Amino acid sequence: MSKADYKNPIPSKSQHALIVQQLGLKIVSGEISENEKLPSEVDLCEEYKVSRPVFREAIRVLNAKGLTYSRPKIGTVVRPKDEWHLLDPDVLFWLIQTTPEHEFFKTLSTVRRVLEPELAYIAASTANEEDIERIKHAYDGMEKATTVEEFIEPDIQFHLAIAKATHNDLLAYMSKMLVLPLQQSIQVTSLRPNLQGHSLPRHKAILTAIENKDPLSARHASLVQLDDTKMAYDLIKK
């Protein structure tokens, strides 16, 4: 994305979004380091050709995402990474863009391994008929898909439906926040030949265990599915 042209200014809303994205990417990528002070307001307003109110609104957004903080007579400073709101959709998107793919996949795989088997375990104990129908509907969508693009959305909905079936609002929310990286992961692993032949039986095993109210089998089936995902990624990236 190019910077704003002083002779052909873009609308304020776009200017605001431009600053948020460009500074956000610089911070998340490490181009602007943790605890480093951003250039002065005057300098950045000149660089982006925007008014101070527009620039200050952009900084408020970055502050709200946990990337920066602002203090009188100090300016705006980048927070340590462990204070960033990593589940914020924009921050996640910038991480995906700036982190080497294999490194991000490894991080996501660890998070999924901690979260998804336990979601399946809980769902097998708490899912009602409506929950099970929702999971089955997503599975049916995966089964009917004829292209990778058609497969991805019901695959995501399958995992979200399991999270919802736990009847734990916080777990469901966490799962929704991970939709973007999950989508990126599925797009890569779905490039494996015979996608449905590999993926459907493993998802069906999770569904069957939840239908049978068998938490241990649901957890095990989820772990098997995640192991297969890692195998698919390793195969594609060879």
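This is a predicted model, so every value here is computed, not measured.

*Asks:* Sorry if this is basic, but what is going on with unusual backbone geometry here?
*Replies:* Glycine aside, a negative phi is what most residues show, and trans is what most peptide bonds show. In the Ramachandran plot, Lys-49 falls in the positive-phi region, its phi being about 55° despite a non-glycine side chain. Summarising the element assignment, Lys-49 is placed in the loop between α2 (41–48) and α3 (52–64). Owing to a relative accessible area of 30%, Lys-49 belongs among the partly exposed residues under this scheme. Of note, the phi angle at Lys-213 is positive, near 55°, even though the residue is not glycine. Position of Lys-213 among the secondary structure elements: in the loop between α10 (195–211) and α11 (215–236). Take Lys-213: its relative accessible area is 40%, and that puts it in the partly exposed class.

*Asks:* Is there a simple way to explain the domain arrangement of the chain in this structure?
*Replies:* Put simply, an interface is often sized by how much accessible area is lost when its parts join up. For the chain, the domain assignment lists domain 1 (13–81) and domain 2 (100–235). On a C-alpha basis, the centroid separation for the pair domain 1 and domain 2 is 37 Å.

*Asks:* It is not clear to me how the packing of helix α7 (residues 148–164) against helix α9 (residues 179–189) should be interpreted in this structure. Could you clarify?
*Replies:* Packed helices, taken two at a time, are described by the angle their axes make and the gap between the axes. The interhelical angle for the contact between α7 and α9, taken along N-to-C directions, is 135°, at an axis separation of 10 Å. Compared by their axis directions, α7 and α9 come out oblique. Between α7 and α9 lies a crossing whose hand is right-handed. Between α7, through Ile-152, Asp-155, Ile-156, His-159 and Leu-160, and α9, the contact on the second element is made entirely by Val-179, Leu-182, Gln-183, Ile-186 and Gln-187. Here the contact of α7 with α9 is built from residues that sort into six nonpolar, three polar and one charged.

*Asks:* Explain the side chain of Asp-131 to me, please; I cannot follow it from the model alone.
*Replies:* With respect to the secondary-structure elements, Asp-131 resides in helix α6 (residues 129–144). Residue Asp-131 is classed as buried on the basis of its relative accessible area of 3%. Here His-167 takes part through its side chain, which lies 2.6 Å from a polar atom of the side chain of Asp-131. Beyond its immediate sequence surroundings of up to four residues, Asp-131 is in contact with Thr-126, Ala-165 and His-167.

*Asks:* Looking at this model, I keep getting lost on α2. Mind explaining?
*Replies:* For an α-helix, 3.6 residues make a turn, and residues three or four places apart therefore share a direction. The complete set of buried residues in α2 reads Leu-44, Cys-45 and Tyr-48. Down the axis of α2, the buried side of the element spans an arc of 100°, and every buried residue falls inside it. Following α2 by one or two positions, Lys-49 has its phi on the positive side, about 55°.

What counts, and where the lines are drawn
- Residues numbered from 1 in each chain as written.
- Predicted model: local features only at pLDDT ≥ 70, side-chain atom pairs only at ≥ 80, totals over all residues.
- Heavy atoms only, no water.
- Helix = DSSP H or I, 4+ residues; strand = E, 2+ residues; numbered from the N terminus.
- Buried < 20%, exposed > 50% of the residue type's maximum accessible area, 1.4 Å probe, protein only.
- Domains from an automatic or database assignment.
- Axes fitted to C-alpha atoms, helices over the stretch in contact; angles between N-to-C directions.
- Parallel < 35°, antiparallel > 145°, perpendicular 65-115°, else oblique.
- Left-handed = near helix turned anticlockwise from the far one by under 90°.
- Contact = heavy atoms within 4.5 Å.
- Nonpolar A, V, L, I, M, F, W, Y, C, P; charged D, E, K, R; others polar.
- Polar contact = N/O pair within 3.5 Å; in protein donor to acceptor, adjacent residues only side chain to side chain.
- Arc of directions from axis to C-beta.

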